[in-house]
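Tertiary structure, described
In case you want the letters, here they are:
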Amino acid sequence: MTNGWTDVANADVVLVMGGNPAENHPVGFRFVMEARRKRKAKLVVVDPRFNRTATVADCFVPIRAGSDIAFLGGLIHYALSNDKFQAEYVRQHTNAAFLVKEGYGFEDGHFSGWDAEAKRYDKSTWAYEVDGQGYAKVDPSLEHPRSVFQLMRKHYARYTPEVVAAICGCTKEDFLKAAEMVTVAAANDKSGTVLYALGWTQHSHSVQLIHAAAVVQLLMGNIGMPGGGVNAQRGHANIQGSTDMGAWNMLPGYLKLPRANWATLDEYVKANTPKPLRPDSLNYWSNTSKFMVSLLKAYYGEKATAANGYGYNWLPKAGENDNHSWGFLFDRMHRGGMEGLISFGMNPVANGPNTEKMIGALSKLKWLIVAENFETETAAFWRARELADEYYPDSGEASKIQTEVFLLPAACFAEKDGAFVNSSRWLQWKEAAVDPPGEALRDQEIIARLFLKIRELNEKEGGAGAEPLRNMSWNYANPLSPSLVEVAREVNGRETGTLRQLNGFGELKDDGSTVCGNWLYSGSYTEAGNMMARRGQDDPTGLGLYPNYSWSWPANRRVLYNRASLDHEGKPWDATRAPIRWNGTRWSGDAADYKADAAPQAHGAFLMLPEGVAKLFTPDFAEGPFPEHYEPAESPVENALHPKVSFNPAAFVMDKLGAAAEFPYVGLTYRLTEHFHYWTKHIASSSELQSRFFVEVPHDLAVEKKIASGDMVRVSSARGKVEGPALVTKRIPGLKVSGKTVYQIGLPIHWGWLGKVTGPLINNLTASVFDPNSGTPEYKGFLVNLEKIS
Amino acid sequence: MDGQMNRRGFLGSSAALAATALGFDLRPAAAMVRELKISRTTQTQSVCPYCAVGCSVVIHTLGDKAHNVKPAIVHIEGDPASPINRGTLCPKGASLKEFVLSDRRLTRPLHRAPGSSQWTPIEWDDALTRMARLIKDSRDRGFVAADSQGRTVNSLATVGMIGGCTDTNEVNYLLGKLRFGLGIVPYENQARL
Amino acid sequence: MHTVAKLIDTTLCIGCKACEVACQTWNDQEFTLGTFDGSYQTLPDLAPNFWNLIKFNEFERGGKLSWLMSKYQCMHCVDPGCLRACPAPGAIVHLKNGIVDFNHDNCIGCGYCITGCPFDVPRLSPTTKKVYKCSLCSDRTAVGLEPACIKTCPTNCLTFGTREDLLEKAQSRTAELQADGVAAAGVYNPAGVGGTHVLYVLANAARPEDYGLPRDPSVPLAVRLWKGPVKWLGSLVVAGGILGAFFHYVRYGPKKEHADAE
């Protein structure tokens, strides 16, 4: 979230799309209810289903899964063509005025630079026109035909209410009602928030979808404003923290994983330190070297010296074009290219696309190590035939599977201390209440014992990669079970000489005199103590920022981009809710997203970006500088805007796809409030609240197919099938899409072969189709068939 | 900064209306009802492990921390001091005790030999020795010190790691050290699914 | 005399069922597997171990789809029919704070309270042979903690306070809703049982049955009579046959009307 849960209460309009907070984040949803009561905020819900969030909405618009960019593009068009955007904000705080080079264009579904053979874009035309110093040229009048503003206006001219209605399957009237409510926030003194979740991220065009939301919010002047922002409601307790700590192609703090072509630390720093694109850009990533050297000092301690590039070469380097994201990892495993997998608290057989492929991939491993609270389908993948024979007739019998598997009993939350980062980016420290049951161990102890054992073996016998393993620092007071307080202090960072804990990342150096395990968390454990455990109740701004409660990254900032809540001169857009104020010498209020003592006019408001302003147009993504509507990989209709390029041309497809003739309905997966992922089926209370898997069938389709609630049905796709009782409902209406009725089938996740309650794994149905930027699978909107079986 | 508080702290800070706040004394009724099951508990601050709203909870345990006594969880309830949840919880959070005490929790390491159709209990030491052997051997086979162009890469791409989103920052940091110590490149996370 | 109450503002309920779970957890009631009956509702009805049910009601009226969720539990009547019906001294206690509590040590499992209840709330356990229902967490309220369901409710749909305060709050909330265009909003506090200690704000007060609430509940006349003119029957508690027949009549009426009554 750019803002936070408590801040949602400041909104005047709440757009819930691609999320369902009343069901999946009920406690967070209380701030929506508070905004409605206290500010008379309007709640707009756009979703395929009339879900529990929709029951309390002021406006509900049913749409087809995978049509969200069309809807948001429609909002952009509506705002621009009806003059319902915050013009001064757009002029001052976005790249609307920047000029784009000659040669950029968009035609028949492709942006300029498409390489049909390589199936990727050459992005050289998606760049700014620059002057002799390398600064982007601008036209503050926004009238230049190659200004971002004019290009955007042109790009979205196609997204008329009629086109939106035809693609999304809603009525034009419903769209306009929603558009009118959402664009109320264009006024300087109104804020609107956007709450989303996996309904947006699980598409083959998910990153562009969120880009589209950011464009809408920038046009409304909502970024940096209390009650505004683009807010991801994250689905696991520490999904934010585990990302902050480096996953996929990242090191901690979103520093990029080294690549083979960055041979030295200097080359790495050079490649990852952007040049400012405007004279007033602060360009915060110019500090990359300080963050990186301090991380290397944390990893390699005294072994990291200036002479050896602080041990940079001990870090692994990926090939310059390698992609190791989920789809590629499991695809390679499936083809026999992997030997082993270590899984800490993750269940790929349940949550990866195409379950049978997951099972097949794990079957190719020599070994699998799983640390868990419960026996998961992943740990027990070799039991697929024994436990769910009807779904995996092609999987191997246990006797044929040669994978050696370890299932390690791990502690649960109540048995460990440490910090979780919530969606608001608040790091909240917790204490251990009890010991783990039986022989179960705390995860830090499992990791430490394993690490030290491997290192010992490598030292004793000799082996590959001795230096990277030997030099990784592990000098904890109890190396076999490091205290998490000790780890948290290392993550915060300290001076190497004095051992003084740092106050924040502003103190980091690139000369080896500071150690910091994650620059984003610097300030979380200072000389004053554990800031994450703070319980202060004061709220001096009255905006629900609670600066002394827990600790928020970065720098205890509660509203990201808060400098944009004021104009260029430092005057708040809305004086009644300015999160920060300039007193002539310093900023007060929330931790300013700005240089603490710089005058308002000194820099652009978006410090992390080389532009110094927010990007409506960006070359950062794989499939275009502006978000464009593409159909899901499997769709019942052709793309109404450009039928020849129906599907995201840059997306990754690694599975067999089905066609609408055989699989005419759209499948949707989602969570229910009663359960948590594939976890609570092991727990008595959730097992009571929703005891069995079911399929939600639209009423009219049920009539057509003579299906009544309780009848057993089979849902099948080109990958597999699931079976369960039907729940016939009018809450998932049939939609008119380009003149054709499209039915969507509701498929709650949560079940599996192991638990107090069992049922089919929903990902039996889904496909290995991935967003090209994030590598996230397309779980919303894939083709299925529906049959009554009894 | 102590995560544990006394009973007065919990009852006093509760959003509950104290007897006097209701304007009359509720105590006469107390004599007739069952004893409050959290009246003698130790309370520990924690955070719900499910979604990322980040609700604070208070874990009530019995057991006086004497050397030979293991504390037992008797109740888990929302923490009123949190500005996020102010004592409230969703149906998953409201039954966290059922999670911690679930009879399906794993309590000992299990091993499945190649081709076997069952789990066999294994001692931790044996499991660690065996896992370290398998990992080292895979690493010895798969570790690439320099790529085909002779560039130092020190990477291992035939072993993967996944997970982390259910655990703390600090455990994730340690997982990172394990990952980079071994040189593992493929590392995925629930956050990205 | 001040008494306590619970206010349920159905316009704020999102059917999350936290109250169901909090109730069972606090009161140490066992979780059992539910049945699938084509809705999101946990169980079709209350049960001896399940005292708090969110009823889900999906319907279409005038082309508008509604999916109402409404909490259902003991209403803690000002004039409790269960207490009027109960023949076992001390089994049902009307606390001074307004809570109607069951003392299971004294319960003889006759089930007459079930007949006396106009809301069909108490449930007889076939294993313990005793009757169970919501106690408004009498153990918590006695020390100034709100009932478990109210404590956990994420959306402020549930609030706890004195009955007077909550009646006032319900009225002002109704006025607020009406001002916002919800013309049919109103308070549910049925007079037939002297009012209740569980109050509702309904968006459509003219149709309480949409929320699973009886339109005009009252204590059955026979139950009303039985501790008055027919109180002598109380001495025949042990003569279950006679009393059983009496309550069978009260519950089901004359045999010929049986089908209608069900």
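Here the structure is a predicted model, which is why all the values come from computation and not from measurement.

**A few points about the overall build of chain A**
Along the backbone of chain A there are 21 helices and 33 strands. For chain A, the C-alpha radius of gyration of 26 Å lies close to 28 Å, the compact-globule estimate for 790 residues. Overall, the C-alpha framework of chain A stretches about 75 × 70 × 55 Å when taken along its three principal axes. The buried share of chain A, taken over its 790 residues, is 65%. For chain A, long-range pairs separated by at least 24 residues make up 72% of all intrachain contacts whose partners lie at least 6 apart in sequence.

**Regarding the domain arrangement of chain A**
All names here are of chain A. Domain annotation for chain A reports domain 1 (6–101 + 156–237) and domain 2 (643–788). Here the C-alpha centre of domain 2 lies 25 Å away from the C-alpha centre of domain 1. On the side of domain 2, 29 residues touch domain 1, which itself brings 22 residues to the contact. Those elements that provide at least two residues to the side of domain 1 that touches domain 2 are α1 (21–24), α8 (198–201) and α9 (206–219).

**Brief notes about the confidence of the model for chain C**
Residue and element names in this part refer to chain C. Summing up the model confidence of chain C, the mean pLDDT is 88 and the portion of residues at 70 or higher is 86%. Below a pLDDT of 50 lies the segment residues 229–246, which in the model reaches 10 contacts outside its immediate sequence neighbourhood of four places, other chains included. Counting interchain partners and residues more than four positions distant, the pLDDT-below-50 stretch residues 248–262 has eight contacts.

**With respect to the interface of chain A and chain B**
As a measure of interface size, the accessible area lost when the parts come together is often cited. Listed by partner, the interface residues are 135 residues for chain A and 107 residues for chain B. Split into classes, the residues belonging to the side of chain A that touches chain B amount to 69 nonpolar, 47 polar and 19 charged. Bridge count between strand β14 (residues 404–409) of chain A and strand β5 (residues 110–112) of chain B: three bridges; the pairing is antiparallel. Within the sheet, the bridge partner assigned to A:Val405 lies in β5(B) and is B:Arg112.

**Considering the environment of B:Arg151**
One can find B:Arg151 in the loop between β7 (143–146) and β8 (152–156). Taking the C-alpha atoms as reference points, B:Arg151 and B:Gly176, separated by 25 residues in sequence, lie 23 Å from one another.

**With respect to the interface of chain A and chain C**
In this complex, chain A contributes 29 residues to the contact, which on the side of chain C involves 22 residues. Per element, the largest residue contribution to the side of chain A that touches chain C is five residues, and it comes from helix α20 (residues 684–689) of chain A. Its residues assigned to classes, the side of chain A that touches chain C comprises 14 nonpolar, eight polar and seven charged.

**Some words on the sheet that holds strand β10 (residues 198–202) of chain C**
Residue and element names in this part refer to chain C. Spatially, β8-β1-β10-β9 is the arrangement adopted by the four strands of the open sheet, whose pairing is mixed. Looking along the sheet, the strands with just one partner apiece sit at the ends: β8 (158–162) and β9 (186–188). Going across the sheet, the axis of each strand differs from the next one's by a mean of 25°, ignoring polarity. Note: strand β1 (residues 4–9) against β8, five bridges, orientation antiparallel. When the sheet's bridge partners are listed, Val4 is paired in β8 with Thr162.

**Digging into helix α5 (residues 169–182) of chain B**
Residues and elements named next belong to chain B. With 14 residues, α5 should cover 20 Å at 1.5 Å per step; its first-to-last C-alpha distance of 20 Å lies within 8% of that length. The buried fraction of α5 is high, at 14 of 14 residues. Where α5 ends, the next residue or the one after it, Gly183, has phi of about 90°, a positive value.

Rules behind the numbers
- Residues numbered from 1 in each chain as written.
- Chains lettered and ligands numbered in written order.
- Predicted model: local features only at pLDDT ≥ 70, side-chain atom pairs only at ≥ 80, totals over all residues.
- Helix = DSSP H or I, 4+ residues; strand = E, 2+ residues; numbered from the N terminus.
- Rg over C-alpha atoms; globule rule 2.2 N^0.38 Å.
- Buried ≥ 20, exposed ≤ 12 C-beta atoms within 10 Å, placed from the backbone.
- Contact = placed C-beta atoms within 7 Å.
- Domains from an automatic or database assignment.
- pLDDT = per-residue confidence, 0-100.
- Nonpolar A, V, L, I, M, F, W, Y, C, P; charged D, E, K, R; others polar.
- Pairing = 2+ DSSP bridges.
- Axes fitted to C-alpha atoms, helices over the stretch in contact; angles between N-to-C directions.
- Expected span 1.5 Å × (residues − 1).

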